[in-house]
Amino acid sequence: MKGAFYMSIHQTALPEEIRTYCPPLTRQPDFASFWQQVRNCVQHAALNSVESVLPLPLTTILAKQIQITAHDGTFITGWLSIPCGCNAPLPCIVRFHGFGGSKGHPTQFAAWNDLGFAVFSMDVRGQNGKTGDFAPYRTGSSMSPMCQGILDPQEYYLYHLYLDCLLYTSPS
């Protein structure tokens, strides 16, 4: 049934105005300079990391807990799992969980490891898992991280989250 539903939706011709719709850009004049400043912050950050091997019941996977210290002192925790015995560079799947989730457990990604991929799964700050959030927020609701610091682009929750993601995924 799922396949039939998928086919019926995707075989329907879209109206011309939907196919050609181009919304106006809402990018602010300082957009490029703001994100360049964010990239510079990450490039000049001291990456303090702590790694520890995680004992697993699976003998085909090597798993490590990797913890970095973010720019605001928050300890960000993630798992790295790789196929055992592989010394060559591997393609890596980087996983950031959705709202309210957590990094999970390395055994959840065993199928990817069996296919020859490394998998890195990071806790998102201030949600479930081992990662807190030490960023100071002067505005926004404390009940929802998505509103914290919303009135200031450099204090906003997602600003800190994007910095965490860049720290973890930037070559160093």
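Residues numbered from 1 in each chain as written. Predicted model: local features only at pLDDT ≥ 70, side-chain atom pairs only at ≥ 80, totals over all residues. Heavy atoms only, no water.

Draft legend 1. Fine view of the state of the cysteines. The full count for this structure, using the stated rule, is zero disulfides. Left unpaired, cysteine 41 is separated from the closest cysteine sulfur, that of cysteine 165, by 14 Å. Note on cysteine 86: no disulfide assigned, nearest cysteine sulfur contributed by cysteine 84 at a separation of 10 Å. You can call cysteine 86 partly exposed: its relative accessible area is 27%. (Disulfide = S-S within 2.5 Å. Buried < 20%, exposed > 50% of the residue type's maximum accessible area, 1.4 Å probe, protein only.)

Draft legend 2. Highlighting the pattern of salt bridges. With the rule as written, the count across this model stands at six salt bridges. Of the charged contacts in the structure, one is a salt bridge between glutamate 51 and lysine 64, with a shortest N-O distance of 3.3 Å. Taken together, the residues span a long stretch of sequence, with glutamate 51 in strand 1 (residues 49-54) and lysine 64 in strand 2 (residues 61-69) at a distance of 13 residues. We classify glutamate 51 as partly exposed; its relative accessible area is 48%. Between arginine 125 and aspartate 164 there is a salt bridge whose closest N-O contact spans 2.6 Å. Taken together, the residues arginine 125 in the loop between strand 5 (118-122) and helix 5 (157-169) and aspartate 164 in helix 5 connect sequence positions 39 residues apart. Here arginine 125 and aspartate 164 have matching classes, each one buried. Here the residues in one salt-bridge network are Asp72, Arg125, Asp133 and Asp164, joined through shared partners. (Salt bridge = Lys/Arg side-chain N within 4 Å of Asp/Glu carboxyl O. Helix = DSSP H or I, 4+ residues; strand = E, 2+ residues; numbered from the N terminus.)

Any functional reading would require information that these geometric values do not contain.
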